[in-house]
Amino acid sequence: MLTTLQTAYSDTRAADLAWALGREPLPALAVLDLDLAGARLQMRLLGASHQVLLEEDRGTCSETVACIPGSSTPLPLGVSKRLGEWEYEFAARVETLSEGSFAGRAQELLALVADHPHGLAGTFPGSPHAFTAMLAQRTEGQVRWRTWHAYPQEGQLVVTRTRVGTRMPATALREVSTPL
């Protein structure tokens, strides 16, 4: 789903993004609710980037990547945490592209997400290449999502990927790490 967000573009620099787990739902400009084989996932586009809410019988997870006033947690390159019965993994990177490459990459990503049944993208007024896009899937018992936050004035694209899945029991870990 592709939408034009009715708000001013508020997080205008990649360096302004912060990451948080466990935040309550924030006001959203666009929402996509998904049922991924029993996992209820809500992707939310904020005026300040994105929030994902995941709910399963085993628990909940709330991830926010946004320009959060007063936040002291900048966007990390990677996080791995235990959340109850789940393992949570997050990774982020910043791509810096030339103006022409940026425009092409923006069009490619918006086309990918716009027609995908598990995709949500919103463009901001003022630039066709200022957008936040999200794509989710469930595979092998894990819920995964990717996001793209575009900053055309800087030529930067912030790319994140998240995986939430059941922890492997310690005995299974020993079996996997034992050489044959």
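It should be emphasised that the depicted structure is a prediction, and the values quoted were computed from it without experimental measurement.

Taking 1.5 Å per residue as the helical rise, helix α1 (residues 99–114) with its 16 residues ought to reach 22 Å, and the 22 Å between its terminal C-alpha atoms agrees with that figure. For α1, the set of buried residues is Phe102, Ala106, Leu109, Leu110, Val113 and Ala114. Buried positions in α1, seen along its axis, are confined to an arc of 120 degrees and lie on one side of it. The exposed set on the far side of α1, more than 90 degrees from its buried face, consists of Gly100, Gln107 and Ala111.

Sheet architecture is open: 7 strands sit in the order β1-β9-β10-β11-β12-β8-β7, paired in mixed fashion. Each of the sheet's edge strands pairs with one partner strand only, and the pair in question is β1 (2–4) and β7 (78–83). For this sheet, the mean inter-axis angle between neighbouring strands, taken without regard to orientation, is 15 degrees. As judged from the 8 bridges shared by strand β10 (residues 131–139) and strand β11 (residues 142–151), these two strands associate in the antiparallel manner. Bridged to Met134 within β11 is Thr147.

Another point: the pairing of strand β12 (residues 156–166). With 9 of 11 residues buried, β12 is to be regarded as a mostly interior element. As paired strands, strand β8 (residues 86–96) and β12 are joined by 11 bridges and run antiparallel to one another. Within the sheet, the bridge partner assigned to Glu89 lies in β12 and is Arg163. Two elements, β11 and β12, share 10 bridges in a ladder whose sense is antiparallel. Bridge assignment links Tyr151 to a residue of β12, and that residue is Gln156. Between β11 and β12, which pair antiparallel and follow one another directly, the connecting turn spans 4 residues, one of which, Gly155, has a positive phi of 70 degrees.

Turning next to the confidence of the model for the chain. Summing up the model confidence of the chain, the mean pLDDT is 86 and the portion of residues at 70 or higher is 88%. This model gives residues 170–180 a pLDDT under 50, and the stretch forms 2 contacts once residues within four places in sequence are excluded.

Turning to the nonpolar core, a few remarks are in order. Ranked by internal contacts, the top residues of the largest apolar core, which has 31 residues, are Leu41, Met43, Leu54 and Trp145. Apart from the residues within four sequence positions on either side, Trp145 is in contact with Leu41, Val52, Leu54, Glu63, Leu135, Ala136, Thr160, Arg161, Thr162 and Val164. Membership of the second largest hydrophobic core comes to 13 residues, among which are Leu110, Ala121, Phe131 and Val159.

Conventions we followed
Residues numbered from 1 in each chain as written. Predicted model: local features only at pLDDT ≥ 70, side-chain atom pairs only at ≥ 80, totals over all residues. Heavy atoms only, no water. Helix = DSSP H or I, 4+ residues; strand = E, 2+ residues; numbered from the N terminus. Expected span 1.5 Å × (residues − 1). Buried < 20%, exposed > 50% of the residue type's maximum accessible area, 1.4 Å probe, protein only. Arc of directions from axis to C-beta. Pairing = 2+ DSSP bridges. Axes fitted to C-alpha atoms, helices over the stretch in contact; angles between N-to-C directions. pLDDT = per-residue confidence, 0-100. Contact = heavy atoms within 4.5 Å. Core = buried A, V, L, I, M, F, W, Y, C linked by side-chain atoms within 4.5 Å.

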